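Listed below are the residues making up each chain.
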Amino acid sequence: MSFLLALLLLVAIAVIAGFVLPSQVHVERQMVIDAPPEKIFPHVSDYGAWDAWSPWANIDPNAKMTVEGEGVGQKMSWASDHPEVGTGSQQIVQLDAPRRMKSRMEFENMGVSDIGFVLEPVEDKTLVTWSLDTDMREGMPLIKQPVSTYMGFFMDSMVGKSYEKGLATLKSVVEG
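Summarised in this report is the structure supplied together with it. In every chain, residue numbers begin from 1 and rise along the written sequence. At least 70 in pLDDT is required for a residue's local features to be given in this predicted model, at least 80 for side-chain atom pairs to be given and counted, and no such filter applies to totals for whole chains, interfaces and linings, which use all residues. Water and hydrogen atoms were dropped before computing side-chain values, which therefore reflect all heavy atoms in the structure.

Points about the sheet that holds strand S1 (residues 24-33)
Paired strands, in this sense, are two strands between which DSSP finds at least two bridges. To qualify as a helix, a DSSP run of H or I must reach at least 4 residues; to qualify as a strand, a run of E must reach at least 2; elements of each kind are numbered from the N terminus. Taken in spatial order, the 7 strands make up an open sheet running S1-S7-S6-S5-S4-S3-S2, and their pairing is antiparallel. With partners counted over all chains shown, the strands left at the sheet margins are S1 and strand S2 (64-68), one partner each. Sheet twist, expressed as the average angle between the axes of neighbouring strands with direction ignored, equals 15 degrees. Across 5 bridges, strand S3 (residues 75-79) lies against strand S4 (residues 87-96) in antiparallel orientation. Paired with Lys75 across the strands is Gln91, a residue of S4. Contacts are assigned to residue pairs with any non-hydrogen atoms lying within 4.5 Å of each other. Fitted lines through C-alpha atoms serve as axes, helices being fitted only where they are in contact, and the angles separating the N-to-C directions of these axes extend from 0 to 180 degrees. Relative to the sheet, helix H2 (residues 37-44) contacts S1, S4, strand S5 (100-107), strand S6 (111-122) and strand S7 (125-135), its axis offset from that of S6 by approximately 165 degrees. Along the sheet face, helix H4 (residues 155-175) touches S1, S6 and S7 and points at about 25 degrees away from the line of S1.

Below is the structure:
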């Protein structure tokens, strides 16, 4: 009986901690590309160009992808049964050509995130920074919030690897 009580107490503590631990997550990767920002910006600021370098583009060839609009407001939506691709949408909310792009991503059953690209000239090259900021509890049903908070501790390793791959592919496309 005391073992069961101890187990229930541990579960209760874990659930409560899931509501009070920090839920803000920041993931960021950088790469220097041998090109000026003006040459790189069209690749990150137009979802129609993402298929050439996105780390998720080739994971599921059967994924349904649509791109609507241009510039601020352009929206990309996707649907896939593959767990690494999933279903969601991303919409451009700010463009400051050729230096900055911000978007809002809604990933089905995973909440919302702010995505950003910053292109900083470094001599005759560009430092490209790709970032993700999210609150792991925002947009999540109350019952899923503790688990989502704990998932936040793994976001850097999960998303970061994809960002590294995408930036490497972007580099080869631009420098190609």
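Having put the structure on the table, let's press on.
Considerations on the pairing of S3
In regular strands, side chains alternate between the two faces of the sheet. In this sheet, S3 lies alongside S2 in antiparallel orientation, the contact comprising 5 bridges. Along S3, the bridge assignment pairs Glu68 with Lys75. From the end of S2 to the start of S3, which pair antiparallel, there are 6 residues, and Gly69 there has a positive phi angle of about 85 degrees.

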